[in-house]
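Fold and geometry: a report
Each chain, written out:
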Amino acid sequence: MKISAGILLFKREEGNFFYFLVHPGGPFWKNKDLGAWSIPKGEVSEGENLLERAKTEFEEETGKTIDGDFIELESITQKGGKKSLCLGFGRRY
């Protein structure tokens, strides 16, 4: 089973949550928005550290580095069978 790891960046402000999502590039996604937005994530190689892969993918897809205390969120299995592990990172303002 393929596994991907990513980071859900969020903030809580005055009781509201705000989430940072990315949109895939390329001609296939050019005019598609519905169901296209996702967390920055990438496929994990066997034996690879999940947090390090998630941080690398975040930097590659956003151009920004991220570090701090991460929260492991519940994983999901996508329609195609790939398991996605999400790590949360957020701040309260």
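Look up: the structure comes first, before these words.
So, the side chain of Arg 53
Tracing the sequence through the fold places Arg 53 in helix H1 (residues 50–62). Looking at Arg 53, its side chain comes within polar contact range of the side chain of Glu 48, at 2.9 Å.

With respect to the nonpolar core
Ala 5, Ile 7, Val 44, Ala 54, Phe 58, Ile 66, Phe 70, Leu 87 and Phe 89 together form the largest nonpolar core, which totals 9 residues. Among the secondary structure elements, those contributing two or more residues to this core are strand E1 (3–13), H1 and strand E6 (83–92).

Focus on the environment of Glu 43
If you trace the backbone, Glu 43 turns up in strand E3 (residues 41–43). We classify Glu 43 as partly exposed; its relative accessible area is 42%. Each C-alpha atom of the pair Glu 43 and Arg 53 lies 7.9 Å from the other, and the pair is 10 residues apart in sequence. Not counting chain neighbours up to four residues away, the residues in contact with Glu 43 comprise Lys 2, Ile 3, Ser 4, Glu 48, Arg 53 and Lys 82.

Describing the pattern of salt bridges
Under the definition given, this model contains 6 salt bridges. When the shortest N-O distance is used, the salt bridge between Arg 53 and Glu 48 registers 2.9 Å. The shortest N-O distance in the salt bridge between Glu 57 and Arg 53 comes to 2.8 Å. Residue Glu 57 and its partner Arg 53 are located together in helix H1, separated by 4 residues, close to a single helical turn. Neither residue differs from the other here; Glu 57 and Arg 53 are each classed as buried.

The rules behind these values
Residues numbered from 1 in each chain as written. Predicted model: local features only at pLDDT ≥ 70, side-chain atom pairs only at ≥ 80, totals over all residues. Heavy atoms only, no water. Helix = DSSP H or I, 4+ residues; strand = E, 2+ residues; numbered from the N terminus. Polar contact = N/O pair within 3.5 Å; in protein donor to acceptor, adjacent residues only side chain to side chain. Core = buried A, V, L, I, M, F, W, Y, C linked by side-chain atoms within 4.5 Å. Buried < 20%, exposed > 50% of the residue type's maximum accessible area, 1.4 Å probe, protein only. Contact = heavy atoms within 4.5 Å. Salt bridge = Lys/Arg side-chain N within 4 Å of Asp/Glu carboxyl O.

Honestly, that's just the spatial picture; any functional story needs more than this.
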